[in-house]
Amino acid sequence: MAGGWARDGAVSEQIEASIGDELARLKARRQPVGESLTHCAECDEPIPEKRRTALPGVKLCVDCQQERDGAHKARGGINRRGSKDSQLK
Ligand SMILES: [Zn+2]
């Protein structure tokens, strides 16, 4: 399998994509995007009212959100853990 070159290209694309994602996330965080959902958009779990109040426009349950954040963190290595935790609780 000649995957070496394809990998290099994919990595730099991923870095650019994660910067764009991060900016979009920051914007979404500052400006509430509509109503909070009562149930997770991904797994249909009920979203606790506390979480919906704390995060206006929230669309994911804690598990799905953490899954997304975790995947993101692994790629970007962005250290914003402190402020994020305080927003989630
Ligand atoms: Zn979910």
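Check the entry above for the structure.
Every value quoted in this text rests on a predicted model; they were computed, and no experiment measured them.

In this section: the coordination of the zinc ion. Taken together, Cys40 (SG), Cys43 (SG), Cys61 (SG) and Cys64 (SG) make up the protein donors of the zinc ion, found 2.3 Å from the metal. Because the angles between the four donor atoms bound to the zinc ion fall within 104 to 117°, the donor set is best described as tetrahedral. Mapped onto the polypeptide sequence, the residues donating to the zinc ion form the spacing pattern C-x2-C-x17-C-x2-C. Residue Cys40 is located in the loop between helix H1 (4-30) and helix H2 (49-54), and its partner Cys64 is located in helix H3 (residues 62-76); the two are separated by 24 residues in the primary sequence.

Here we come to the nonpolar core. Of all hydrophobic cores here, the largest spans seven residues; its members are Cys40, Ile47, Leu55, Val58, Leu60, Cys61 and Cys64. In this structure Leu60 touches Cys40, Ala41, Glu42, Ile47, Arg51, Gln65 and Arg68, once residues within four positions along its chain are discounted.

It is worth spelling out unusual backbone geometry at this point. In the Ramachandran plot, Asp44 falls in the positive-phi region, its phi being about 75° despite a non-glycine side chain. When you line up the elements, Asp44 lands in the loop between H1 and H2. Judged by relative accessible area, which is 54%, Asp44 ranks as exposed.

A surface patch of nonpolar side chains, about 370 Å² in accessible area, is lined by Val11, Ile15, Ile19 and Leu23. The topology assignment puts Leu23 in helix H1.

Pairing of side chains with opposite charge becomes possible as their charged atoms draw close. Applying the stated criterion across every chain yields a total of one salt bridge. Here Glu42 and Arg68 are joined by a salt bridge, their closest N and O atoms 2.5 Å apart. A residue pair is termed long-range when its members are at least 10 positions apart, and Glu42 in the loop between H1 and H2 and Arg68 in helix H3 qualify at 26 residues. Relative accessible area serves as the criterion here: at 47%, Glu42 is assigned to the partly exposed category. Residue class for Arg68 comes out partly exposed when judged on its relative accessible area of 46%.

Calculation rules
- Residues numbered from 1 in each chain as written.
- Predicted model: local features only at pLDDT ≥ 70, side-chain atom pairs only at ≥ 80, totals over all residues.
- Heavy atoms only, no water.
- Donors = N, O, S within 2.8 Å, 3.2 Å for Na, K, Ca; no water.
- Tetrahedral: all angles 85-135°; square planar, octahedral: opposite > 155°, others 65-115°.
- Helix = DSSP H or I, 4+ residues; strand = E, 2+ residues; numbered from the N terminus.
- Core = buried A, V, L, I, M, F, W, Y, C linked by side-chain atoms within 4.5 Å.
- Buried < 20%, exposed > 50% of the residue type's maximum accessible area, 1.4 Å probe, protein only.
- Contact = heavy atoms within 4.5 Å.
- Patch = residues over 30% accessible without salt bridge, like charges linked within 9 Å, V, L, I, M, F, W, Y side chains within 5 Å.
- Areas by Shrake-Rupley, 256 points an atom, 1.4 Å probe, with all protein chains shown as cover.
- Salt bridge = Lys/Arg side-chain N within 4 Å of Asp/Glu carboxyl O.

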